[in-house]
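What the coordinates show
The residues making up each chain are set out below.
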Amino acid sequence: MSATESVNSRPSTQPLRLLVGFAILVAFVVVVLGAYTRLVDAGLGCPDWPGCYGQLLVPSTAEEIASAEALFPDTPLDQAKAWTEMVHRYFATGLGILVIGIVVLAWYYKLSLRFPLVLLALVILQGAFGAWTVTLKLWPQVVVAHLLGGFTTLLLLWWYLLKLSSIELPRIATKLRTSIYLFIALLVVQISLGGWVSANYAALICPDFPLCHGTLLPEMDLVAGLNIFQAIGPDYTGGEMSHEGRVAIQNLHRWGAYIVFVIGVILAWRIRGASGLVLGAVVCAQVALGISNVLFVLPLPIAVTHNAGAALLLLVAATLALQTQPPRKEQSEQ
């Protein structure tokens, strides 16, 4: 089949593209709900998995509540937190169903199953991390891995939609490809640090900005802060890292933000045009949200938006990387 015939046959795969687009929206909601769940300390709103106190729905009647508290006597039911956790699980389950649908449609249209099957495997792994988050009582290593898995799922879905789409993205000079991939790598490190800060309850360990406790170099313990083999108790709610360790990771996150900001602005200037403008705007907005989290003492709407902004920035950077690739016609000729 010629390249022209292949392009002309693409409209028949519109249901697949629509399904992937809807999955992206759901994945974004899952990421935001995950952030909201962490920020309101609802990660253990349900002490078991996949149900909630042994039920598919949050216990509501007097009999159900009595039964739930008898089953988990050390974990009193908080319905608000339990519903927060379960809504997150429902959306995550829905995302899994959508990814199964993507695999089925890709098979139906005789497209390569490699990418859809990778997505499916990732979603299954995400389910496992969701379970371990509960069973291991918010172990920070698992919480961060779960966060990164959610971002990766969203990113792969977005990448798959761009690959399926017939829309030609504006071209970016190939010479900028290395710089864009470097920016993506730094961004992933920064997101990981942000997750580590959140999982260890260190977001407000430095109450001032740009200083920390009135100094540029506060007393900190990098070894304790970056110890991924830290010992934890039966429940990590509230965190168990030392004060100096938390100061260390908070400052690392801040320094990482400065680096991402500078490189992001320089990259936006080099790209220019609409693509550069979008990158610059999202980078600046993300830094402003991070500063606002400190100045306004981590208000929930800003904190959740900061997490959503990180996901959006990652999608923008990935799109820029795709824009450095040869046009579709050149790829098909090669």
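Scroll up a little and you will see the structure.
The structure presented is a predicted model; accordingly, all values stated were derived computationally and were not measured. (Residues numbered from 1 in each chain as written. Predicted model: local features only at pLDDT ≥ 70, side-chain atom pairs only at ≥ 80, totals over all residues. Heavy atoms only, no water.)

Quick word on helix α11 (residues 300-323)
Here α11 spans 35 Å end to end across 24 residues, near enough to the 34 Å set by a 1.5 Å rise per residue. Within α11, 19 of the 24 residues are buried, leaving the element largely enclosed by the surrounding structure. (Helix = DSSP H or I, 4+ residues; strand = E, 2+ residues; numbered from the N terminus. Expected span 1.5 Å × (residues − 1). Buried < 20%, exposed > 50% of the residue type's maximum accessible area, 1.4 Å probe, protein only.)

Structural notes on the pattern of salt bridges
By the definition in use, this model includes 1 salt bridge. The salt bridge partner of Glu85 is Arg89, with a shortest N-O separation of 2.9 Å. Here Glu85 and its partner Arg89 are both found in helix α4 (residues 79-108), 4 residues apart, which amounts to about one turn of the helix. The same class applies to Glu85 and to Arg89, which are both buried. (Salt bridge = Lys/Arg side-chain N within 4 Å of Asp/Glu carboxyl O.)

A short note on the packing of helix α9 (residues 243-271) against helix α10 (residues 273-295)
The relative placement of two packed helices comes down to the angle between their axes together with the axis-to-axis distance. One can describe the packing of α9 onto α10 by two numbers: an axis separation of 8 Å at closest approach and a directional angle of 160°. Relative to α10, the element α9 lies roughly antiparallel. Considering only the axes of α9 and α10, their crossing is left-handed. The segment α9 lies against α10, with Arg254, Val260, Phe261, Gly264, Leu267, Ala268 and Ile271 engaging Gly273, Ser275, Gly276, Leu279, Gly280, Val283, Cys284, Val287 and Val294. A per-class count over the contact of α9 with α10 returns 10 nonpolar, 5 polar and 1 charged. (Axes fitted to C-alpha atoms, helices over the stretch in contact; angles between N-to-C directions. Parallel < 35°, antiparallel > 145°, perpendicular 65-115°, else oblique. Left-handed = near helix turned anticlockwise from the far one by under 90°. Contact = heavy atoms within 4.5 Å. Nonpolar A, V, L, I, M, F, W, Y, C, P; charged D, E, K, R; others polar.)

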